[in-house]
Amino acid sequence: PSNYPAQNQFRPAQPVSTPAVQPAAQSGTRVREGQKVKQLVTVDRRSIKFNTESLILSFKITSSTNDFSYEVHTGIREVIKAGDVQFLPNRSKPAPTTFKIEQELDGEEMIMLLDEEVEHMHPEELIWAPKYPKHFPCVISIKWQDPDSGSVAFEHTFVNLGAKDQPQDKNAANRPKNPGFVHKQLLAVDKSVYLVEQLFGGEHEDDGDDGMGDRAGSELVLAEVMDDGEEASPGGESSSPAAGNITAVVDSDDDEGLCVICLCEPKDTCCIPCRHLCLCQGCANELQKHSPRCPVCRQPFGQLLHLGA
């Protein structure tokens, strides 16, 4: 049996669930409502590096709290169940070490030697593969508690480790990603799980910034990720993640933040999957009834993300 505890250390205690996603009335387009959540700690995804020679993983953490902890999981399968993210090891092994931090950090670099972890991993486990979308080589998990609300929150950053002499597949979709490549970041709080991505049209869309650099202390507008609908038990192939679940990193003080259609109301609705934040809610509702295409790129959209007030 695995040495992982039955109750994972990185599990929030008794938070409250948020409302379920409501489908749009017409055209099959779904509308997701955003929720503001304050993020106190984050990994700068641009800083993550893994050296395949020395087997050293490095990353930078920024925080606006002096009380948090982090763990690094390797060779795991992700399960999202009842608003909780669980990591199931691919094989029996000790639980990862929990590192306690008792000071605020401003882009401080963390360094970990993963020689023992990588030594016991199969070469295929070091590279994320589309064939097994819920299996990941490495996850950096951060846990903190909001001193104001008392809510326990988690940021999970899913990282590729890679390996030397990787085979090259002619199909671009199946080619191994570079070491340190970040597949996604999840934010779990109040028994809800959110996928962190950039929206085009906010303050964070600066040159060279993917919208994920320094978010500590900022408010994020979130759309909820649905459960996998599978039991948290080892073994078996996992289903792919729910599509179109987005977290927005946006600026409400944008001087040009008006809807591109009416030019009167603030833009508060994003088209999915192109992620253009360009519509007010009223124009978005009309657009989905008659011509569900993004007015910026003309790409058809299957979902709308309303960011709210």
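Reading the values: rules and limits
- Residues numbered from 1 in each chain as written.
- Predicted model: local features only at pLDDT ≥ 70, side-chain atom pairs only at ≥ 80, totals over all residues.
- Heavy atoms only, no water.
- Helix = DSSP H or I, 4+ residues; strand = E, 2+ residues; numbered from the N terminus.
- Contact = heavy atoms within 4.5 Å.
- Salt bridge = Lys/Arg side-chain N within 4 Å of Asp/Glu carboxyl O.
- Buried < 20%, exposed > 50% of the residue type's maximum accessible area, 1.4 Å probe, protein only.
- Pairing = 2+ DSSP bridges.
- Axes fitted to C-alpha atoms, helices over the stretch in contact; angles between N-to-C directions.
- Disulfide = S-S within 2.5 Å.
- Phe/Tyr/Trp six-rings, centres within 6.5 Å; stacked < 30°, edge-to-face > 60°.
- Lys NZ or Arg CZ within 6 Å of the ring centre and 35° of its normal.
- pLDDT = per-residue confidence, 0-100.
- Patch = residues over 30% accessible without salt bridge, like charges linked within 9 Å, V, L, I, M, F, W, Y side chains within 5 Å.
- Areas by Shrake-Rupley, 256 points an atom, 1.4 Å probe, with all protein chains shown as cover.

## Here we look at the overall build of the protein chain
A count of helical and extended segments in the protein chain gives two helices and 19 strands. Taking contacts inside the protein chain between residues at least 6 apart in sequence as the whole, the part at least 24 apart equals 70%.

## A word on the pattern of salt bridges
Scanning the model with the defined rule gives six salt bridges in all. Of the charged contacts, one joins Arg 46 and Asp 44 as a salt bridge, the two residues approaching to 3.2 Å between their closest N and O atoms. With a relative accessible area of 43%, Arg 46 lands in the partly exposed category. Across the salt bridge formed by Asp 67 and Lys 100, the nearest N and O atoms sit 2.5 Å from each other. Here the residue Asp 67 occupies a position in the loop between strand 5 (56–63) and strand 6 (68–81), and Lys 100 occupies one in strand 8 (residues 99–101), the gap between them amounting to 33 residues. In this structure Asp 67 comes out as partly exposed when scored by relative accessible area, which is 39%. One network of salt bridges, with partners in common, ties together Glu 78, Lys 134 and Lys 184.

## A few points about the sheet that holds strand 4 (residues 41–51)
The strand order across the open sheet formed by three strands is 4-5-9, and the pairing between neighbours is antiparallel. Two strands close off the open sheet at either side, each with one partner strand: strand 4 and strand 9 (106–113). Across this sheet, the average inter-strand angle for adjacent strands is 20°, counted without regard to direction. Sheet topology places strand 5 next to strand 9; seven bridges connect them, and they run antiparallel. Opposite Leu 57, over in strand 9, you have Met 112 as the bridge partner.

## Topic: the state of the cysteines
Enumeration according to the criterion identifies zero disulfides in this entry. Among the cysteines around Cys 294, which has no disulfide bond, Cys 274 carries the closest sulfur, lying 3.6 Å off. The exposure class of Cys 294 is buried, given its relative accessible area of 0%.

## Things to note about the packing of aromatic side chains
As enumerated under the stated definition, the model contains four aromatic pairs in all. Ring geometry for Phe 87 versus Phe 158: centroids 5.9 Å apart, planes at 70°, classification edge-to-face. Here Phe 87 is found in strand 7 (residues 84–89), whereas its partner Phe 158 is found in strand 11 (residues 152–159), with 71 residues between them in sequence. By the burial criterion, Phe 87 is buried, and Phe 158 matches it. Taking NZ or CZ as reference, Lys 184 lies 4.8 Å from the ring centre of Phe 158, over its face.

## Looking at the confidence of the model for the protein chain
For the protein chain, mean pLDDT is 74; residues scoring 70 or higher make up 63% of the total. Predicted confidence in the protein chain is weakest over strand 1 (residues 22–23), with a mean pLDDT of 34, and strongest over strand 8, with 97. Between residues 229–255, whose pLDDT stays under 50, and residues either more than four places distant or in other chains, the model counts 84 contacts.

## Some remarks on the environment of Ile 142
Tracing the sequence through the fold places Ile 142 in strand 10 (residues 135–145). Between the C-alpha atom of Ile 142 and that of Val 43, which follows or precedes it by 99 residues, the distance is 8.3 Å.

## Section: the environment of Leu 305
Within the fold, Leu 305 resides in strand 19 (residues 303–306). For the pair formed by Leu 305 and Gln 281, sequence separation is 24 residues and the distance between their alpha carbons is 9.4 Å.

## Considerations on a nonpolar patch on the surface
Among the surface-exposed residues, Ile 56, Ile 111 and Leu 113 lie close enough to one another that they form a single nonpolar patch of about 270 Å² accessible area. Here Ile 111 is to be found in strand 9. Taking the relative accessible area as the measure of exposure, Ile 111 reaches 57% and is therefore exposed.

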